[in-house]
Amino acid sequence: MSAPDEELDIEAGRRLFTQECRFVAGAERSEALPPIGLPEIAFAGRSNVGKSSLVNALTGRTTLARVSHTPGRTQQLNFFDLGGRLVLVDMPGFGFARAAKRKIKDWSGLIERYLRGRPTLRRVCLLIDARHGAMAVDRGFMERMDAAAVSYQAVLTKSDKVKPAELQERIAALAAELAQHVAAHPDLIVTSAHAGTGIPELRAALAALAAPGQFD
Ligand code: GDP
């Protein structure tokens with residue numbers, strides 16, 4: 001149930017994502033956040049949700065995921081400039097089985113300050129594994145974004161792993177749940193990084209939030 005095609009400019013999305021995507025900053029503390037500038041889109045989700053794969057599929061590059069998986073950078077907010085029009089922000093995955101309590105506290109503080117203090121943050125893409133649907137940790141994050149009045153959109157990942165009937169049920173359940181959240185975008189986007197499903201649609205949805213390009 002992605003946004004209706006007539007509202008999405010697939011070609012604009014394709015053009016934007018052919019641009020260079022360059023690592024600009026990593027912030028482990030809020031003091032290290034880069035200055036406010038271009039519109040930003042953040043990607044969040046549980047560890048292993050398929051965030052790196054999705055971002056690779058979007059950008060057609062592995063730079064972003066490589067940086068974000070580098071030990072020491074995995075607990076940072078990593079900022080990437082896409083063609084001087086949009087900044088992609090890779091948020092650390094939730095799920096801290098092995099992280100120390102102290103780290104979790106720092107992480108929560110950083111995320112909270114970023115979510116609340118970033119006027120250029122246009123949308124958070126909340127990635128949810130299509131096999132499991134929303135889990136408690138996702139709901140907690142939704143509530144934090146509602147409280148911070150940060151607009152977010154659910155993006156189902158790994159849809160190739162789920163049978164069509166089950167996928168439809170999962171979409172309906174999630175859409176009903178999102179309708180209860182004030183800051184949630186009503187349309188969710190169904191993707192598979194492996195099959196390429198939903199990638200042009202997600203690119204188009206993000207292009208609509210980017211700063212105008214030279215040819216727009
Ligand atoms: P991250 O920890 O959220 O960055 O997740 P990764 O992108 O590293 O993916 C975690 C695992 O899920 C890997 O084994 C991927 O191969 C797998 N995966 C990611 N996206 C897809 C997808 O679209 N389809 C399938 N079948 N597997 C996927």
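Please refer to the structure higher up on the page.
Residues numbered from 1 in each chain as written. Predicted model: local features only at pLDDT ≥ 70, side-chain atom pairs only at ≥ 80, totals over all residues. Heavy atoms only, no water.

K.L.:
Could you give me a rundown of the site of the ligand, with the residues and numbers involved?
P.N.:
Of all residues adjacent to the ligand, which total 13 residues, the nearest are K51, S52, S53, D160 and A193. Between the ligand and N48 there is a distance of 2.9 Å, counted from an oxygen atom to a backbone nitrogen or oxygen. Here S52 contributes a side-chain N or O atom positioned 2.6 Å from an oxygen atom of the ligand. Bound to the protein, the ligand loses 75% of the 580 Å² it would expose on its own. It is helix α2 (residues 51-59) that provides the largest number of residues to the shell around the ligand, a total of three residues. Considered class by class, the residues forming the shell around the ligand number two nonpolar, seven polar and four charged. (Near = heavy atom within 4 Å. Polar contact = N/O pair within 3.5 Å; in protein donor to acceptor, adjacent residues only side chain to side chain. Areas by Shrake-Rupley, 256 points an atom, 1.4 Å probe, with all protein chains shown as cover. Helix = DSSP H or I, 4+ residues; strand = E, 2+ residues; numbered from the N terminus. Nonpolar A, V, L, I, M, F, W, Y, C, P; charged D, E, K, R; others polar.)

K.L.:
Explain the pattern of salt bridges residue by residue, including any values.
P.N.:
For the coordinates displayed, the defined rule picks out 11 salt bridges. For R116, the salt bridge identified is with E112, shortest N-O distance 3.2 Å. Of the two residues, R116 and E112 both sit in helix α4 (residues 101-116), four residues apart, roughly one turn of that helix. (Salt bridge = Lys/Arg side-chain N within 4 Å of Asp/Glu carboxyl O.)

K.L.:
Give me unusual backbone geometry: which residues, what numbers.
P.N.:
In terms of backbone geometry, most residues other than glycine have negative phi values and most peptide bonds are trans. Backbone geometry at N48 places phi at a positive 80 degrees, although glycine is not the residue there. If you trace the backbone, N48 turns up in the loop between β2 (40-45) and α2. Note on N48: relative accessible area 68%, which makes it exposed. Its identity as a non-glycine residue notwithstanding, K158 has a phi of 60 degrees, on the positive side. (Buried < 20%, exposed > 50% of the residue type's maximum accessible area, 1.4 Å probe, protein only.)

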